[in-house]
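# Architecture and fold: a report
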Amino acid sequence: MEISVAIKNELRRFCESFAEDRIGRIQNNINNINESLKSETKSSAGDKHETGRAMIQLEREKLGHQLYEAEKMRQALAGITTLASPANIGQGSLVITSGGMYYISISAGAFKKGPTLIYCVSSLSPIGKNLLGKSRGHCFDFNQKTICIKKVL
């Protein structure tokens, strides 16, 4: 049990770091765009100036949406506990299957520790949806393969 809690804590830190890095990059890009908007002066080109400002505004709105999504990732992580090991797969479960290992949290990519590779996936991802609510021994078809759940931690 202690090993599973320790690895789940590492996985959670990995996901938190992923979310914080993403938020930081997006905020940096927003700050750069805000500086661009402040420094842009009215040129004699007129329409070109307005078009440029409109494109910068659109980029800022897109980054605002990305920031919102990244903040949702951070909130999802806040609700995950690493202590419980329920029989059914849910947020915070570490799942060992015949097709790989998965940590149900946020889509943060692959966590590698030595030879072990664990995929951090959202419960809304295709594999996450297939795993959610299932338990040890359950099998399902995914990407033309049958995957069986060997262990839920």
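For the structure, see preceding data.
Reference entry: report on the structure contained in this document. (Residues numbered from 1 in each chain as written. Predicted model: local features only at pLDDT ≥ 70, side-chain atom pairs only at ≥ 80, totals over all residues. Heavy atoms only, no water.)

Within the protein, the secondary structure is distributed over 3 helices and 6 strands. Beginning at the N terminus, the succession of helices and strands in the protein can be written as α-α-β-β-β-β-α-β-β. With respect to the three principal axes, the spread of C-alpha positions in the protein is 70 × 35 × 30 Å. Out of the 153 residues in the protein, the part that is buried amounts to 33%. By sequence separation, contacts in the protein at least 24 residues apart represent 55% of the contacts at least 6 residues apart. Element-wise, carbon and sulfur atoms account for 53% of the exposed surface of the protein, whose accessible area totals about 9,300 Å². Charge separation in the protein, taken as the distance between the mean sites of 21 positive and 14 negative side-chain charges, equals 9 Å. (Helix = DSSP H or I, 4+ residues; strand = E, 2+ residues; numbered from the N terminus. Buried < 20%, exposed > 50% of the residue type's maximum accessible area, 1.4 Å probe, protein only. Contact = heavy atoms within 4.5 Å. Areas by Shrake-Rupley, 256 points an atom, 1.4 Å probe, with all protein chains shown as cover. Lys, Arg positive; Asp, Glu negative; His and termini not counted. Charge placed at Lys NZ, Arg CZ, Asp CG, Glu CD.)

Inspection of every chain in the model, using the stated rule, returns 6 salt bridges. One salt bridge connects Glu16 with Arg12, and the closest N-O pair in it is separated by 2.9 Å. With Glu16 and Arg12 both in helix α1 (residues 2–39) and 4 residues apart, the pair spans about one turn of that helix. Where Arg74 meets Glu71, a salt bridge forms, and the shortest distance between an N and an O atom there is 2.8 Å. Residue Arg74 and its partner Glu71 are both found in helix α2 (residues 47–78); the two are separated by 3 residues, about one turn of the helix. Linked through salt bridges whose partners overlap, the residues forming this network are Glu20, Glu71 and Arg74. (Salt bridge = Lys/Arg side-chain N within 4 Å of Asp/Glu carboxyl O.)

Now for the sheet that holds strand β6 (residues 145–152). Strand-to-strand pairing in sheets goes through backbone hydrogen bonds, with the strands running parallel or antiparallel. Strand order across the open sheet formed by 6 strands is β3-β4-β2-β1-β6-β5, with mixed pairing between neighbours. Looking at the sheet topology across the chains shown, the edges are occupied by β3 (109–113) and β5 (139–142). When strand polarity is set aside, the average angle formed by the axes of neighbouring strands in this sheet is 35°. Relative to strand β2 (residues 100–105), strand β1 (residues 94–97) is paired through 4 bridges, and the arrangement is antiparallel. Opposite Ile96, over in β2, you have Met101 as the bridge partner. (Pairing = 2+ DSSP bridges. Axes fitted to C-alpha atoms, helices over the stretch in contact; angles between N-to-C directions.)

Before going further, it helps to spend a moment on the environment of Gly92. Note on placement: Gly92 falls in the loop between α2 and β1. Take Gly92: its relative accessible area is 2%, and that puts it in the buried class. Between the C-alpha atoms of Gly92 and Cys120, which are 28 residues apart in sequence, the distance is 9.9 Å. Excluding anything up to four places from it in sequence, Gly92 contacts Lys8, Ile80, Thr81, Tyr103, Ile104 and Leu153.

Bringing the state of the cysteines into the picture now. All chains considered together, the criterion is met by 1 disulfide. Here Cys139 is linked by a disulfide to Cys148, with a sulfur-sulfur distance of 2.0 Å. Between Cys139 and Cys148, the S-S dihedral sits near 105°, and the bridge is therefore right-handed. The partly exposed category is assigned to Cys139, whose relative accessible area is 37%. Left unpaired, Cys15 is separated from the closest cysteine sulfur, that of Cys120, by 3.6 Å. Taking the relative accessible area as the measure of exposure, Cys15 reaches 0% and is therefore buried. With a relative accessible area of 3%, Cys120 lands in the buried category. (Disulfide = S-S within 2.5 Å.)

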